[in-house]
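# Examination of the molecular architecture
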Amino acid sequence: MQLSQDAAEQRIADLGMDDMPLEPLRPTPHQIAPDWFKRYHELVHAFTTTLTDSIQELAISLNLSQQDFIDLIMGRRIPTNLSVRFRVPLVWGGKLEIDNLFMCLTFPYSHNMDRFIIEQAGNDVIWLPNPSKKIYIPTHLGGIGDGGNATQDRLSEIATQIATSRGME
Amino acid sequence: MNTTEFLSLVKSRGATIYPAAAKRDTELANNALQSRRCAMLPSVFLDLYNFASAINIGNGYIFGPINVDRGINAPIPSIVDININLISTPEIRGKTIFGRNDLFWFAFDAFGTFYMLDNLSLRVLRKYDDPYRAMTDCLIAGKF
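Analysis parameters
Residues numbered from 1 in each chain as written. Chains lettered and ligands numbered in written order. Predicted model: local features only at pLDDT ≥ 70, side-chain atom pairs only at ≥ 80, totals over all residues. Helix = DSSP H or I, 4+ residues; strand = E, 2+ residues; numbered from the N terminus. Rg over C-alpha atoms; globule rule 2.2 N^0.38 Å. Buried ≥ 20, exposed ≤ 12 C-beta atoms within 10 Å, placed from the backbone. Contact = placed C-beta atoms within 7 Å. Pairing = 2+ DSSP bridges. Axes fitted to C-alpha atoms, helices over the stretch in contact; angles between N-to-C directions. Parallel < 35°, antiparallel > 145°, perpendicular 65-115°, else oblique. Left-handed = near helix turned anticlockwise from the far one by under 90°. Nonpolar A, V, L, I, M, F, W, Y, C, P; charged D, E, K, R; others polar. pLDDT = per-residue confidence, 0-100. Core = buried A, V, L, I, M, F, W, Y, C linked by C-beta atoms within 7 Å.

### As for the overall build of chain B
What chain B contains, in helices and strands, is 5 helices and 7 strands. Counting helices and strands in the order they occur from the N terminus, chain B gives α-β-α-α-β-β-α-β-β-β-β-α. Whereas a compact globule of 144 residues would reach a radius of gyration of roughly 15 Å, chain B reaches 14 Å, a difference of no more than 12%. Overall, chain B is about 35 × 35 × 35 Å in size when its C-alpha atoms are taken along their principal axes. By the burial criterion, 47% of the 144 residues in chain B qualify as buried. Once local pairs closer than 6 in sequence are excluded, the contacts in chain B between residues at least 24 apart make up 53%.

Rendered as C-alpha cells:
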C-alpha cells in the first residue's frame, strides 16, 4: 500500500527513528556495473576514512574506544554493530559515491530501515531514510541534532562534569 | 562440507563464533518458528547451534536461537525475534530468515532450499542447495 508522507513518518517513528528524515523516490531499475561489489568495498573503506569530522558522534554518542575510532578512520575495521548504508540503493539509480553513504547501528536501526523499505516493496513511491549527517544516531540515544550549538554545549557540559568529578572546581 | 569444517573456514576468515546454544533454547526457538508458520530449523542448523549460538564477521550475521548480548550498543537478535517482526510480510511467507549483511538477507524454506534475498524487496536473488555455501556467502559478504 502506498504510504503518504505522514504514514511513512509514523512508521519510521514506530521503528524507533522518529527524527529520521525521509526522501521520496520513484524506483526505476538501473543497470549495475559488473564490478560493483569490488567498487562498493573500496568505497566503504574510503567512506570510513572521511569520518574524522564525525568525532562527536563516534566518540561521545557511540562511545567508541580510541582503538576502535583509529581502526575505523584508518579504514582497517568497522566497529561492532555498525553498518554502512546507501541513501539511494544502486538498483534504483544510487551512485557509488561517498555522498550516497551513511553509517548507523546495525541493530536495531539498519535492520529496521531494511524492514521499512521492504514493507514498501512494489509501491510507486518509496520513502527512503536519508539522515542529514554521515552518521545517524537517534537523538534519544544522544545523537547530535542539526544546527545550533548543541555540540559545543554538550562538550562544555561533559567538560564541566569531568572537572566537577575531579574536584577541579 | 560439514559443520566443523564450515566453522573452521569462517573462523579463518575472522568470524566471531559465540558459545554453543543450550539444546532447550534451540527446541524453544524451533517451536516458536513453527507456531508462527515460519520454516522449521533444518538439521544443519540444529547441528550448528550445538557449536555456535550466533556467528558474526563484520556486518555479516548468522542468527542463533537466543539473543546474544554484546553490550549496550551491540546485541545480536535471535532468529525468532528477527522472524516475528516479519510475520506480516508476504514475500517471506514459508521461509525463515537466518542471516543478514548490509546488502542481502538470507533464508531457508521447509524443503531445505536456501536463498539469498534482496534486502530492499526480499526478492530471491540466488538459490542454494548447499546450506554451508549460503551461510558462507552471508558472512563473507559482510567482511570489511
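We are not done yet, so read on.
### Some points on the sheet that holds strand β5 (residues 135-136) of chain A
Paired through backbone hydrogen bonds, the strands of a sheet run either parallel or antiparallel to each other. Residue and element names in this part refer to chain A. Taking strand neighbours across the sheet as the criterion, the 3 strands line up as β2-β3-β5 in an open arrangement whose pairing is mixed. Pairing within the sheet leaves two strands with one partner each, and these edge strands are β2 (82-86) and β5. Across 2 bridges, the pairing between strand β3 (residues 101-105) and β5 is parallel. Residue pairing across strands places Cys104 opposite Tyr136, the latter belonging to β5.

### Some words on the packing of helix α1 (residues 3-12) of chain B against helix α5 (residues 131-140) of chain B
Residues and elements named next belong to chain B. One way to put it is that α1 packs onto α5 with a least axis distance of 11 Å and a crossing angle of 15 degrees. Classed by the angle they form, the pair α1 and α5 counts as roughly parallel. Judged by the twist between their axes, the crossing of α1 over α5 is right-handed. Here Phe6, Leu9 and Val10 of α1 come into contact with α5, specifically with Tyr132, Met135, Thr136 and Leu139. Here the residues of the contact of α1 with α5 are counted per class, giving 6 nonpolar, 1 polar and no charged.

### Section: the confidence of the model for chain A
This prediction gives chain A a mean pLDDT of 86; 83% of its residues lie at or above 70. Long-range and interchain partners of residues 145-149 of chain A, a stretch whose pLDDT sits below 50, account for 3 contacts in this model, where long-range means more than four residues apart.

### Quick notes on the environment of Val88 of chain A
All names here are of chain A. Mapped onto the fold, Val88 is located in the loop between β2 and β3. Look at Val88 and you get partly exposed, because 17 C-beta atoms sit within 10 Å. Residues Val88 and His140 lie 52 residues apart in sequence; the distance between their C-alpha atoms is 25 Å.

### A closer look at the confidence of the model for chain B
On average, chain B scores 94 in pLDDT, and the residues at 70 or more come to 99%. The ipTM assigned to the predicted complex is 0.94, against a pTM of 0.88.

### Examining the interface of chain A and chain B
It is common to give the size of an interface as the accessible area lost on bringing the parts into contact. Opposite the 21 residues of chain A that make contact, chain B presents 18 residues. When residues of the side of chain A that touches chain B are traced back to their parent elements, those giving at least two are β2 and α5 (106-118) of chain A. Ranked by residues supplied to the side of chain A that touches chain B, first place goes to α5 of chain A with 8 residues. Among the residues making up the side of chain A that touches chain B, the classes are represented as 10 nonpolar, 6 polar and 5 charged.

### Section: the environment of Tyr132 of chain B
All names here are of chain B. Along the polypeptide, Tyr132 turns up in helix α5. A count of 19 C-beta atoms within 10 Å places Tyr132 in the partly exposed class. Sequence separation between Tyr132 and Ile79 is 53 residues; the distance between their C-alpha atoms is 17 Å. Not counting the four nearest positions on each side in its chain, Tyr132 is found in contact with Met1 and Phe6.

### A look at the nonpolar core
Across soluble globular proteins, nonpolar side chains show a tendency to be buried alongside one another. Grouped together as the largest cluster of nonpolar side chains are 78 residues, with contacts concentrated most on Ile62, Phe98, Phe106 and Ala107 of chain B. With sequence-adjacent residues up to four places away left out, Ile62 of chain B is seen in contact with Ala54, Ile55, Phe98, Gly99, Met135, Cys138 and Leu139 of chain B.

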